[in-house]
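Here is how the chains run, residue by residue.
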Amino acid sequence: MKESVTPELILAIESSCDETSVAVIKDGAEILSNIVASQIKSHQRFGGVVPEVASRHHVEQITLCIDDALAEAEVTPAELTAVAVTYGPGLVGSLLIGISAAKAFAWAHSLPLIPVNHMAGHLYAARYVALLEFPLMALLVSGGHTELVYMKEDGSYEMVGETRDDAAGEAYDKVGRVLGLTYPSGKEIDQLAHVGHDVYQFPRAMLHEDNFDFSFSGLKSAFINLVHNGEQRGETFDHADLAASFQASVCDVLIEKTIRACQAYPVKQLIVAGGVAANQGLRTGLSAAVAEKLPDTTLLIPPLRLCGDNAAMIGAAAHIELQKGHLADFSLNADPSLSFSE
Ligand code: KG4
Ligand code: ZN
């Protein structure tokens with residue numbers, strides 16, 4: 001008789017910023033449920049995420065999301081293998097809600113607790129596109145991070161480049177504010193960029209430097225100064241052209257430096273992940289650049305619904321941590337500035 005194998009079922013919890021999300025993941029590769037409760041509407045009128053407001057929303061949502069994720073997956077707590085939770089980087093109050101819920105759930109159901117780095121989660125969202133092949137390079141671009149991470153094997157991260165100031169998503173959001181767009185404005189600028197032209201030729205910071213680091217604050221200042229100085233002279237600007245010029249600068253630098261990093265390291269795959277990986281200009285530009293300059297490298301970009309914050313990605317990263325035996329006890333604390341270099 002054929003032996004039936006019990007599937008590995010991980011309940012994953014993500015609450016590092018302004019999305020409360022809970023997922024059930026089978027064998028690290030199949031999403032049985034991925035509930036995402038966004039609180040973005042509560043933050044929009046403030047032009048950014050208000051940490052105190054975010055924590056309160058997480059408190060209200062977390063148990064509902066856990067119940068919904070289990071119900072949608074048709075999984076009972078008794079069938080679960082482990083509970084995984086994001087413990088950093090992120091907002092300390094927000095992280096603590098997810099961590100407390102995960103600990104309580106793990107204790108109540110006698111389950112192991114798996115701590116997950118949020119950025120590793122973003123990277124492992126690519127696991128739902130294909131099996132990861134090593135060595136690989138990952139460009140992680142979100143609201144708080146812009147980094148190039150080299151991986152020799154599952155769960156091993158070497159940061160080869162990062163932003164010296166603003167993250168790419170942060171630059172999008174700050175520039176969006178100048179254009180009067182609602183927060184977060186990355187998606188809207190992306191859409192505007194497609195009907196505009198790169199007429200302003202903004203700076204491409206650090207493009208010709210011999211490293212894999214980035215800088216976006218000079219671009220942000222150049223944009224803000226152009227608009228403010230112009231407005232004082234009574235000039236009006238075509239917002240689509242401004243968006244296209246800004247996006248061209250961001251994408252040129254991200255693409256060029258990523259390609260160079262992939263040429264400097266022997267990579268089989270290039271992963272692009274994080275909220276800004278939803279950017280159509282970046283997706284199209286990188287696909288073309290990889291096809292032309294890295295014929296032996298496969299580009300993996302998660303689908304749009306897995307680019308923003310979600311717990312399915314945390315579950316995929318947790319599967320690897322569980323295999324490596326990286327578990328936490330109930331003293332697990334939030335690490336708001338957790339980084340790969342620790
Ligand atoms: O990964 P994420 O959901 O949250 C963080 O961990 O930061 O990323 C959110 C960021 C925001 O800054 C948002 O403006 C940006 O991703 N974003 C985009 C696009 N969609 C979201 N940026 C550029 N183009 C987009 N299409
Ligand atoms: Zn994120």
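Residues numbered from 1 in each chain as written. Chains lettered and ligands numbered in written order. Predicted model: local features only at pLDDT ≥ 70, side-chain atom pairs only at ≥ 80, totals over all residues. Heavy atoms only, no water.

- As annotated in an unreviewed UniProt entry, the protein chain carries the name tRNA N6-adenosine threonylcarbamoyltransferase and comes from Enterococcus diestrammenae.
- Word for word, the UniProt comment on the protein chain under Sequence similarities (unreviewed entry) is "Belongs to the KAE1 / TsaD family." (UniProt positions renumbered as here; feature names shortened; annotations may be inferred.)

Some thoughts on the coordination of the zinc ion (ligand 2)
In step 1: Around the zinc ion (ligand 2), the donor atoms from the protein are His118 (NE2), His122 (NE2) and Asp309 (OD), and they sit 2.0 to 2.2 Å away.
In step 2: Binding-site remark: the zinc ion (ligand 2) is held by donors from one chain whose sequence spacing is H-x3-H-x186-D. A residue pair is termed a helical-turn pair when its members lie 3 or 4 positions apart in one helix, as His118 and His122 do in helix H4 (residues 118–124) at four residues. Exposure class is identical for His118 and His122. Each is buried. (Donors = N, O, S within 2.8 Å, 3.2 Å for Na, K, Ca; no water. Helix = DSSP H or I, 4+ residues; strand = E, 2+ residues; numbered from the N terminus. Buried < 20%, exposed > 50% of the residue type's maximum accessible area, 1.4 Å probe, protein only.)

Section: the packing of aromatic side chains
In step 1: Scanning the model with the defined rule gives nine aromatic pairs in all.
In step 2: Chaining the aromatic ring pairs together yields one cluster made of Tyr172, Tyr200, Phe202, Phe223, Phe237 and Phe246. (Phe/Tyr/Trp six-rings, centres within 6.5 Å; stacked < 30°, edge-to-face > 60°.)

Regarding helix H2 (residues 51–73)
In step 1: The terminal C-alpha atoms of H2 lie 30 Å apart, and with 23 residues this matches the ideal 33 Å at 1.5 Å per residue to within 8%.
In step 2: When H2 is considered as a whole, its buried residues turn out to be Ala54, Ser55, His58, Ile62, Cys65, Ile66, Ala69, Leu70 and Ala73.
In step 3: Of the surrounding elements, those touching the buried residues of H2 are strand E1 (9–14), strand E2 (19–26), strand E3 (30–38), helix H1 (40–44) and helix H3 (92–108).
In step 4: Trailing H2 by a residue or two, Glu74 shows a phi angle of about 55 degrees, which is positive. (Expected span 1.5 Å × (residues − 1). Contact = heavy atoms within 4.5 Å.)

Regarding the UniProt feature "binding site: Fe cation" (unreviewed entry) in the protein chain
In step 1: The UniProt record marks His118, His122 and Asp309 with the feature "binding site: Fe cation" (unreviewed entry), using the residue numbering of this structure. Spanning 192 residues, the named residues form one tight spatial group whose C-alpha atoms are at most 8.7 Å apart.
In step 2: Setting aside residues up to four positions removed in sequence, His122 forms contacts with Ala273, Gly274, Gly275, Cys307, Gly308, Asp309 and Met313.
In step 3: With respect to the helices and strands, Asp309 occurs in the loop between strand E10 (298–300) and helix H10 (311–323).
In step 4: What Asp309 contacts, discounting residues up to four positions off in sequence, is Glu14, Ser16, Cys17, Glu19, Val36, His118 and His122.
In step 5: Among the polar contacts listed, one links the side chain of Asp309 to the side chain of His118, at a separation of 3.1 Å. (Polar contact = N/O pair within 3.5 Å; in protein donor to acceptor, adjacent residues only side chain to side chain.)

So, the environment of Ala244
In step 1: By the element assignment, Ala244 lies in helix H8 (residues 239–264).
In step 2: Judged by relative accessible area, which is 9%, Ala244 ranks as buried.
In step 3: Measuring from C-alpha to C-alpha, the distance between Ala244 and His194 comes to 6.7 Å, with 50 residues separating the pair along the chain.
In step 4: Once you skip the residues sitting within four places of it in the chain, Ala244 turns out to touch Ala193, Gly196, His197 and Asp198.

Considering the UniProt feature "domain: Gcp-like" (unreviewed entry) in the protein chain
In step 1: Within this structure's numbering, the places UniProt gives as "domain: Gcp-like" (unreviewed entry) are residues 30–315.
In step 2: Across residues 30–315, the secondary structure splits into 46% helix and 16% strand, with the terminal C-alpha atoms separated by 10 Å.

So, the side chain of Ser142
In step 1: Note that Ser142 resides in the loop between strand E6 (136–141) and strand E7 (146–151).
In step 2: Of note is the side chain of Ser142, whose polar atom sits 3.3 Å from the backbone nitrogen of Gly144.
In step 3: Ser142 has contacts with Met119, Ala167, Ala168, Gly169, Glu170, Gly274, Gly275 and Val276, leaving out every residue within four places of it along the chain.

Regarding the side chain of Asn34
In step 1: Locating Asn34 in the fold gives a position in strand E3.
In step 2: Polar side-chain contacts of Asn34 include one of 3.1 Å to the backbone nitrogen of Ala312.
In step 3: Dropping the residues within four chain positions of it, Asn34 is found in contact with Ser21, Val22, Ala23, Glu72, Leu306, Asn310, Ala311 and Ala312.

Section: helix H9 (residues 280–293)
In step 1: Across its 14 residues, H9 extends 20 Å between first and last C-alpha, which sits within 8% of the 20 Å expected from 1.5 Å per residue.
In step 2: Listed in full, the buried residues belonging to H9 are Gly281, Leu282, Arg283, Leu286, Ala289 and Val290.
In step 3: Buried residues along H9 sit against E6, helix H6 (186–193), H8, strand E9 (269–273) and E10.
In step 4: One side-chain oxygen of the residue at the start of H9 lies 3.0 Å from the amide nitrogen of Gly281, identifying that residue as Asn279.

Overview of the sheet that holds E2
In step 1: A sheet is described by the order of its strands in space; here five strands give the open sequence E3-E2-E1-E4-E5, paired in mixed fashion. A single partner strand is all that each edge strand has here, and the edge strands are E3 and strand E5 (113–117). Shown here is a sheet whose adjacent strand axes are inclined to one another by a mean of 20 degrees, direction ignored.
In step 2: Sheet topology places strand E4 (residues 82–88) next to E5; five bridges connect them, and they run parallel. By the bridge assignment, Val83 is partnered in E5 with Leu113.
In step 3: Of the strands in this sheet, E1, E2 and E3 are in contact with H2, which crosses E2 at around 25 degrees. (Pairing = 2+ DSSP bridges. Axes fitted to C-alpha atoms, helices over the stretch in contact; angles between N-to-C directions.)

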